[in-house]
Amino acid sequence: MTFPAVATPVTNWSLAQWGPDNASVSRAHVRFPSVNEMILENFQAPGTAEAKSGEIRLNFFGFLPGLSWVSRARAENGFIVVQLDEQADGEDGLSLRDWRALIDEVRAEDIIVRFVRKGDPQSIHLQTAAGSLRSGDLSVSASGTGVSLNFEGRARPSDLSVLTGKLNMSGENFADFAELAGFASPDTPPYQATAYLTFSRQQIALDFAPSTRIGDSDLSGPMKITFGEATPRIEADLQSASLDFDDLGVVFGIPVGVGDNETTNQVQVASRTAFDASDRLIPDAVIDFSRLDSVDGHVAYHAQHVNDAIFDIRSLKLEFDVEGRVVRAPLLRVDFDSGQLISYVTLDATQSPATTTTQGTLNNVQLSNLALDPYVRGSGNGEFELEARGNGFRDAAATLNGRVSVWSKDADLLALAAEGAALDLGEALTLLGEQSEDRTYTPARCAAISIHFENGTGQLDPAIMDTADSLVIVEGQVGMRQERLDLKVRSEAKDASFGTLIGNVGIGGTFRSPEISALSAETVLQLGATALLASVSGGLAALPFIEPGMAEDAPCGAIMRRAQGMAP
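What counts and how
- Residues numbered from 1 in each chain as written.
- Predicted model: local features only at pLDDT ≥ 70, side-chain atom pairs only at ≥ 80, totals over all residues.
- Heavy atoms only, no water.
- Helix = DSSP H or I, 4+ residues; strand = E, 2+ residues; numbered from the N terminus.
- Contact = heavy atoms within 4.5 Å.
- Areas by Shrake-Rupley, 256 points an atom, 1.4 Å probe, with all protein chains shown as cover.
- Core = buried A, V, L, I, M, F, W, Y, C linked by side-chain atoms within 4.5 Å.
- Buried < 20%, exposed > 50% of the residue type's maximum accessible area, 1.4 Å probe, protein only.
- Expected span 1.5 Å × (residues − 1).
- Arc of directions from axis to C-beta.
- Pairing = 2+ DSSP bridges.
- pLDDT = per-residue confidence, 0-100.
- Phe/Tyr/Trp six-rings, centres within 6.5 Å; stacked < 30°, edge-to-face > 60°.

Caption draft 1: Spotlight on the overall build of the protein. Broken down by element type, the protein carries 10 helices and 34 strands. Considering only residue pairs separated by 6 or more positions, the protein has 49% of its internal contacts joining residues 24 or more positions apart. Total accessible area computed for the protein in this model is approximately 28200 Å², and 55% of it derives from carbon and sulfur atoms.

Caption draft 2: Layout of the nonpolar core. Counting residues in hydrophobic clusters, the biggest one holds 74 residues, and the most contacted among them are Met169, Phe177, Leu206, Phe208 and Met223. For this core, the element with the most residues is strand β6 (residues 103–117), which contributes six residues. Dropping the residues within four chain positions of it, Phe177 is found in contact with Val147, Leu149, Met169, Tyr191 and Leu206. With 16 residues, the next largest nonpolar core counts Ala396, Leu400, Leu460 and Val472 among its residues.

Caption draft 3: Examining helix α1 (residues 4–18) more closely. Here α1 is 15 residues long and its end C-alpha atoms lie 20 Å apart, about the 21 Å a rise of 1.5 Å per residue gives. Regarding α1, the residues found buried are Ala7, Thr8, Thr11 and Leu15. One side of α1 carries all its buried residues, which in axial view fall inside an arc of 100°. Turned more than 90 degrees off the buried face of α1, the exposed positions are Ala5, Trp13 and Ala16. Elements in contact with the buried residues of α1: β1 (27–30) and β2 (37–45).

Caption draft 4: Up close: the pairing of strand β9 (residues 147–155). Strand direction decides the pairing type here: strand β8 (residues 137–144) and β9, joined by eight bridges, are antiparallel. Bridge assignment links Asp137 to a residue of β9, and that residue is Arg154. Connecting β8 to the antiparallel partner β9 that follows it, the hairpin turn spans two residues, and Gly146 within it adopts a positive phi of roughly 75°. Both β9 and strand β10 (residues 163–171) contribute to a ladder of nine bridges, which runs antiparallel. Following the sheet pairing, Glu152 is matched in β10 by Lys166.

Caption draft 5: Inspection of the pairing of β6 at higher detail. Both strand β4 (residues 70–83) and β6 contribute to a ladder of 12 bridges, which runs parallel. Looking across to β6, one finds that Ile80 is bridged to Val113. Here 12 bridges tie β6 to strand β7 (residues 120–132), and the two strands are oriented antiparallel to one another. Directly across from Val106, in β7, lies its bridge partner Gly131.

Caption draft 6: Examining the confidence of the model for the protein more closely. When the pLDDT values of the protein are averaged, the result is 79; 74% of them are 70 or greater. This model gives residues 422–426 a pLDDT under 50, and the stretch forms 20 contacts once residues within four places in sequence are excluded. A low-confidence stretch, residues 523–551 (pLDDT under 50), is modelled with 39 contacts involving residues beyond four sequence positions or located in other chains.

Caption draft 7: Here's a closer look at unusual backbone geometry. The omega torsion across Ser352 and Pro353 is 5°, close enough to zero to call that bond cis. Checked against the element boundaries, Pro353 lands in the loop between β22 (340–348) and β23 (355–366). Non-glycine residue Asn42 carries a positive phi angle of around 50°. Looking at the secondary structure, you find Asn42 in strand β2. A relative accessible area of 37% places Asn42 in the partly exposed class. The phi angle at Asp110 is positive, at roughly 50°, despite the residue not being glycine.

Caption draft 8: Structural detail: the packing of aromatic side chains. Inspection of every chain in the model, using the stated rule, returns four aromatic pairs. Ring centres of Phe174 and Phe177 lie 5.4 Å apart, and the angle between their planes is 40°; on these two criteria the pair is classed as tilted. Of this pair, Phe174 and Phe177 both sit in helix α3 (residues 174–181), three residues apart, which is roughly one turn of the helix. With a relative accessible area of 8%, Phe174 lands in the buried category. An aromatic cluster of at least three residues, connected via ring pairs, comprises Phe174, Phe177, Tyr191 and Phe208.

Written out as structure tokens, the structure is:
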């Protein structure tokens, strides 16, 4: 048997009797003086395994419980097929349990492992593997499409279908790992994760360590994916001590920051590049709802602190259930520096285009945290109830229906903003030169805005702001389909202040490039008179802008009730 001429036919006869179907080697011989160690070349078991070179140590007592027929195996340059479902007759490969029962200690290099679940193969490239498959330490270094994996763990002898240990993984997008593992995930920024792994035929359980980084955020907590049903089921309870808002944006296809100090991938860069090249504010992102076919389950996520967020978000909490292309989020809570937004969201993708409904409240939110600083101070409350149909943000915006209302009884308006809205030029020009610490605010007895949307067109109810010296009313439409503004700002003075222009101010243009104009006939005439007087004497140029105070206080009680959707 030390001579290949003898050992090769004997080995092929033995493989025909006890090995995989049609298994063979091109060359074999026994390592002298041992009688149970064989060196193999070009091992082939079609559909199950292949190795260009290798060696095995046979265990003649492998028929006994707890022992493997192959006590040690070495293989290079080949592949193996691992069936993760209950194996039917005639299917290629062996189950993980079968491989572990067959082989104890393993040394492998450059082996492709083809995992098959529900007939769908996924492959990883095993660079190196060393240790015991049956009952001992095992280390693996591998890679898949967009994924690098390093496992240090232990085979559990009591259950040949279970491996446990520490898994380090990294890649450009966690969705690549999800696809490799047999479930679905949204896109993410580049990640480096450390997790305690429990792997079995019907379940992958990951407990992420706090050192895990996704983009510029940390992530920790358990995630369990259970197979066996028609759709994999995920259960996750994840949290971040510190969330960079940009990292959450890419999950929903929002093209947020990709600056020099941001951790990004090609998906984010392409999304941001397309956004920057567009004249639209709403991103042209389409959600791939087909991913919902690959996962059901429940996910909870809590970001204890949020960095670099729009609207000065401080923390957020999200829980959602996925069931048959329907996503229900019974809790979406966004905490600001003061106050919070609480919402319920349902996304139904059982038909195309998908339908999204949401309703919620704003509670005691500081208006400065809604990007209104320094123009408005104070707190506000609000309600919204909206419905949209579309597989992308723009399509959904174009079909928006529902109502959004915000109101406040303790708002302070920057005097420049109040008088500027009224085009009260004399007071506004005085305030323009003030430093931030010297700014003057005008208390508003009440402020309210209510927009009713129908098929993507929002009609103001109107918006009203009542200050001590001006009553400001905003009327008009907001077109979500083309992202266009058609608003009129009308103000009525309560005093004979210096510099009031009579007439409406128009706010037009697009969301991304708004335009402001004051082009009523009376305004045009007054501007002409001013120019003429200015050519004679600068002091006389102010005369056409003086008007008597005529406005009255607004009925704030009725305004508040109307904004809240109640009868006056």
